[in-house]
Amino acid sequence: MKKIAVDFGSGSTKIYMPGCGVVLCEATCVAVEEYEENGETVLGIKALGDKARALSGRAAVNTHIINPVVEGDIVHENLAAELLKYFFEKIELGGKKAKRAEVIFTLPCGIKPQIKEKYVRLAQNCGIGAAYFTYTPFAAVLGHNTAIGESTPVFSLDIGQSVTNIAAFSKDGIISGLSVNLGGGNIDVHLIDELAENNGFKIGTLTAERLKNTVGSLLDDDNKMSVIGGRQVSNGAPASIAVNSSQIYEAITTYIDKILDYATLVISELPAEVASAVMRGGVYLSGGVTKMDGLPEYIENKLNIPVNVSEEPRLAAVIGAGTILSSDDLLDAFASVE
């Protein structure tokens, strides 16, 4: 059977195939067109994945950009199934091939049973032969190519687009952990609001994300700059402004500090021996935001704990999930079946 790992995130979907690597990374977006048919309003799919995301801010009035996954929850099950089928077709896993596949999904730490059931239905609707599920912290640490022992605990901090997973665990299971609805998307929204309020300048979500990724920095002496396009709030006229790292520093630290407050809470609930082991081993950091200049050092100073960053932090969870699926031992320890 073909084995694949799926990180079906709010911002993007990553698919990993053992032996081949990451074979897909696209936006978790669907563009739907609203029209009338026999006196009823009907929604038809216009675009999927990156093609749908490219329409954000540019779509016609009757076209809506929908993210079927919000904060780890599948909020549009039918659209989620159509999107995942589309992704499977792109990696040549459509139709009957899906029935002969083993697929492992990453899930937020502490996910509610009713939300997990949606992922089970998603797997069924996509015709997947065998579906497994693992928590993001497990996968994210294994994505660092790190061995996890029976009794030696590790600490994971995975900052996603809309969900951050924090957990201390060993091969025996999670010792203390949680997921919170905070991530890179909050920073994007904050940047939009800050520029509108302080500069009278309106930008869209794609521009805000690009600004965060190119100019965002937590280094004290960093002063990267980018010229971005948008419009004046006062009259709607097109315009452009230059934004540097120092201007968006506070918007970034506002949410990073909130996330670190939760990380501190998780650490504070650990037994003394576990906390000591975690402080020695450090935090395993992953998620797309963690590539930001100065963020690992900022976290290390705030938590007073060593920080380990994977080579591909955005892909750590899906790579780790693929590692789990490739090992019977890890599958027994870190995964569940539908």
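Look above for the structure.
Bear in mind the structure is a predicted one, so any value in this text is a computation, not a measurement. (Residues numbered from 1 in each chain as written. Predicted model: local features only at pLDDT ≥ 70, side-chain atom pairs only at ≥ 80, totals over all residues. Heavy atoms only, no water.)

A. Local environment of helix H4 (residues 113-125). In this model H4 runs 18 Å from its N-terminal to its C-terminal C-alpha over 13 residues, within 8% of the 18 Å that 1.5 Å per residue would give. If you check which residues of H4 are buried, you get Ile115, Lys118, Tyr119, Val120, Leu122 and Ala123. As for H4, its buried residues are in contact with strand E1 (2-8), strand E7 (69-70), strand E8 (73-74), helix H2 (77-90), strand E9 (101-107) and strand E10 (130-135). Immediately downstream of H4, the backbone of glycine 127 shows phi near 70°, a positive value. (Helix = DSSP H or I, 4+ residues; strand = E, 2+ residues; numbered from the N terminus. Expected span 1.5 Å × (residues − 1). Buried < 20%, exposed > 50% of the residue type's maximum accessible area, 1.4 Å probe, protein only. Contact = heavy atoms within 4.5 Å.)

B. Just helix H8 (residues 245-268), in detail. For H8, which comprises 24 residues, the first-to-last C-alpha distance of 33 Å matches the rise-based estimate of 34 Å (1.5 Å per residue) to within 8%. The principal kink in H8, of about 25°, is found at alanine 251. Looking at H8, one finds that the buried residues are Ser245, Ile248, Ala251, Ile252, Thr253, Tyr255, Ile256, Ile259, Leu260, Ala263, Val266 and Ile267. (Bend = angle between axes of the 7 residues up to and from the residue.)

C. View of the environment of isoleucine 15. Note on placement: isoleucine 15 falls in strand E2 (residues 12-17). Between the alpha carbons of isoleucine 15 and isoleucine 115 there is a distance of 21 Å; along the sequence they are 100 residues apart. If we skip the residues at most four places from it in the chain, isoleucine 15 touches Ile4, Ala5, Val6, Gly21, Val22, Val23, Leu24, Phe87, Phe88, Ile91 and Val318.

D. Representation of the sheet that holds strand E14 (residues 201-202). In space, the three strands of this open sheet follow the order E14-E15-E16, with antiparallel pairing throughout. Each end of this open sheet is capped by a strand with a single partner; those strands are E14 and strand E16 (238-244). Pairing of strand E15 (residues 225-232) with E16, which is carried by seven bridges, proceeds in the antiparallel orientation. Considered in E16, the bridge of valine 227 is made with alanine 242. (Pairing = 2+ DSSP bridges.)

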